[in-house]
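Descriptive structure summary
Residue-level listing of the chains:
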Amino acid sequence: MSESKPPSDVVVVGAGIAGLAAAVELISRGMSVVVVESRDRVGGRLLSANSGEASLDLGATWFWPGEDRVARLVARLGVNVHGQYLDGDALFHTPAGAQRIDGNPLDGPSFRFSDGADSLTTGLAALMPAGTLHLNTQVDAVAVGVTIGGSVGVEVQAGELRFEAQHVVLALPPALAVHSIHFEPSLPDRLAGLARVTPVWMGGTTKVVARFQHPFWREEGLSGSAMSHVGPMRELHDMCGPDGSHAAIFGFVPASGGGPTITEAEVCQQLRELFGPQCEPIDVIICDWRTESATSPPGAENLTAYQTYGHELFQTPALDGRVHWASTETSQENPGHIEGALAAAERAVDAIASSVATASPVVPPHAPLAESPTEREPS
Ligand SMILES: Cc1cc2nc3c(=O)[nH]c(=O)nc-3n(C[C@H](O)[C@H](O)[C@H](O)COP(=O)(O)OP(=O)(O)OC[C@H]3O[C@@H](n4cnc5c(N)ncnc54)[C@H](O)[C@@H]3O)c2cc1C
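Nothing here was measured: the structure is a model prediction, and the numbers come from that model. (Residues numbered from 1 in each chain as written. Predicted model: local features only at pLDDT ≥ 70, side-chain atom pairs only at ≥ 80, totals over all residues. Heavy atoms only, no water.)

**Here we look at the overall build of the protein chain**
A count of helices and strands for the protein chain gives nine helices and 22 strands. Here the C-alpha radius of gyration of the protein chain, 22 Å, is about what a compact globule of 379 residues would show, namely 21 Å. Reported as C-alpha extents along the three principal axes, the dimensions of the protein chain are approximately 70 × 40 × 35 Å. Each of the 379 residues in the protein chain was classed as buried or not, and the buried ones make up 55%. A fraction of 70% describes how many contacts in the protein chain between residues 6 or more apart in sequence connect residues 24 or more apart. Looking at the protein chain as shown, the accessible area adds up to about 15,800 Å², and 53% of this sits on carbon and sulfur atoms. (Helix = DSSP H or I, 4+ residues; strand = E, 2+ residues; numbered from the N terminus. Rg over C-alpha atoms; globule rule 2.2 N^0.38 Å. Buried < 20%, exposed > 50% of the residue type's maximum accessible area, 1.4 Å probe, protein only. Contact = heavy atoms within 4.5 Å. Areas by Shrake-Rupley, 256 points an atom, 1.4 Å probe, with all protein chains shown as cover.)

Rendered as structure tokens:
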């Protein structure tokens, strides 16, 4: 039996950074919002594992100078950040062994989230009123044009739960949205085709974090950065906490089709080849984003049409102006980055706010007066 939730102005699908930022802003503009998230946690591709006292980022790690939306959010939430360690030499890994490069051409100035990148999303989630967020709830259908309390709106189905609203924000990768959500009526062919081929940023990547007793590489004048033509990790970076606390190095294993996830033994072997036989991690965490079904639809690692990012079709709400795209892939600014996700969320919020402002007032008979459209206009 299907259970209907009370209608709201907006249903946000996905509690990653884009979905949460959109929800918090819509709420601050006086709208009623429900956020529906398939995982048992918020954050999406912002994921930090606690190991010892360290928060180790298994998804996004950095933000860069000029990414002002992230900087503003960091300031608003009071999130601690520190600079990426840049000192020392880098290493170059070839089949012949490791070569030391003078200086570190692999890293530029960037910032890290000292308590983990997911401190952004836990911080945003904490700003939402109780009852806004529905975890462990996977959306599987969106129907536009249904009658809700006398007006026309959107019905979002998640298993046995049914959410009704005026607008829906799709804050998940477009390729995943069209793979896992049934739209009624169908999305226009061009839009559905575009979404289907839009790569999931880093969705084919495996991230590896190795933790150490102390940052021994720094004592040897090394930055911890390395580039490898051997693999399995192709690129490595220092990932210590502020002032070298919580010593760690992380690496990326690029998309490699349907190959198996790499093993801890392979990681340790490569670390020894790079940093010498004394290099013994305390532990190794391996996160293969290809296997995260709430991030990457099957075969996502084979999608390569990056020119689709920020496509014009993602900028305009679909299906009677009610379905809004908001994941980082849909952004015209910094797509792929956290900054891009925040920009996409902003665009969706602005479109909803202007639609609410211009819509003829329709007050569902059961809606409390405080939720009348007049009082919901953006401040
Ligand atoms: C390994 C890795 C390294 C990265 N490094 C960086 C970096 O250093 N700097 C940077 O700026 N960016 C980096 N990124 C990218 C960054 O993480 C993303 O840009 C950002 O997190 C995307 O946020 P989003 O909200 O658009 O999408 P997501 O974070 O993917 O959020 C989508 C949400 O939707 C949920 N969901 C999916 N399907 C459904 C459904 N049917 N119903 C309900 N909920 C659903 C998911 O569980 C998820 O919570 C990295 C990503 C990865 C994976």
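Picking up where we left off.
**Overview of the pattern of salt bridges**
Pairing between side chains of opposite charge can happen when the charged atoms of each approach one another. As enumerated under the stated definition, the model contains 15 salt bridges in all. Glu-3 is the salt-bridge partner of Lys-5, the closest N and O atoms lying 3.2 Å from each other. According to the relative accessible area criterion, Lys-5 is partly exposed, its value standing at 22%. Close ionic contact of Asp-350 with Arg-29 constitutes a salt bridge, the shortest N to O distance being 3.2 Å. (Salt bridge = Lys/Arg side-chain N within 4 Å of Asp/Glu carboxyl O.)

**Considerations on the site of the ligand**
With respect to spatial proximity, 36 residues lie near the ligand, and among them Glu-37, Arg-45, Trp-62, Gly-336 and Ile-338 are the closest. Take Arg-45: an N or O atom from its main chain is 2.8 Å from an oxygen atom of the ligand. One of the backbone nitrogen or oxygen atoms of Thr-328 is found 2.9 Å away from an oxygen atom of the ligand. If the ligand stood free it would expose 1,000 Å²; the protein chains cover 99% of that surface. When residues of the shell around the ligand are traced back to their parent elements, those giving at least two are α1 (17–28) and α9 (338–358). Class assignment of the residues belonging to the shell around the ligand gives a composition of 20 nonpolar, 13 polar and three charged. (Near = heavy atom within 4 Å. Polar contact = N/O pair within 3.5 Å; in protein donor to acceptor, adjacent residues only side chain to side chain. Nonpolar A, V, L, I, M, F, W, Y, C, P; charged D, E, K, R; others polar.)

**Brief notes about the confidence of the model for the protein chain**
In this model, the protein chain carries an average pLDDT of 91, and 93% of its residues clear a pLDDT of 70 or more. With pLDDT under 50 throughout, residues 360–379 is counted as low confidence; its partners more than four residues away or in other chains account for 21 contacts. (pLDDT = per-residue confidence, 0-100.)

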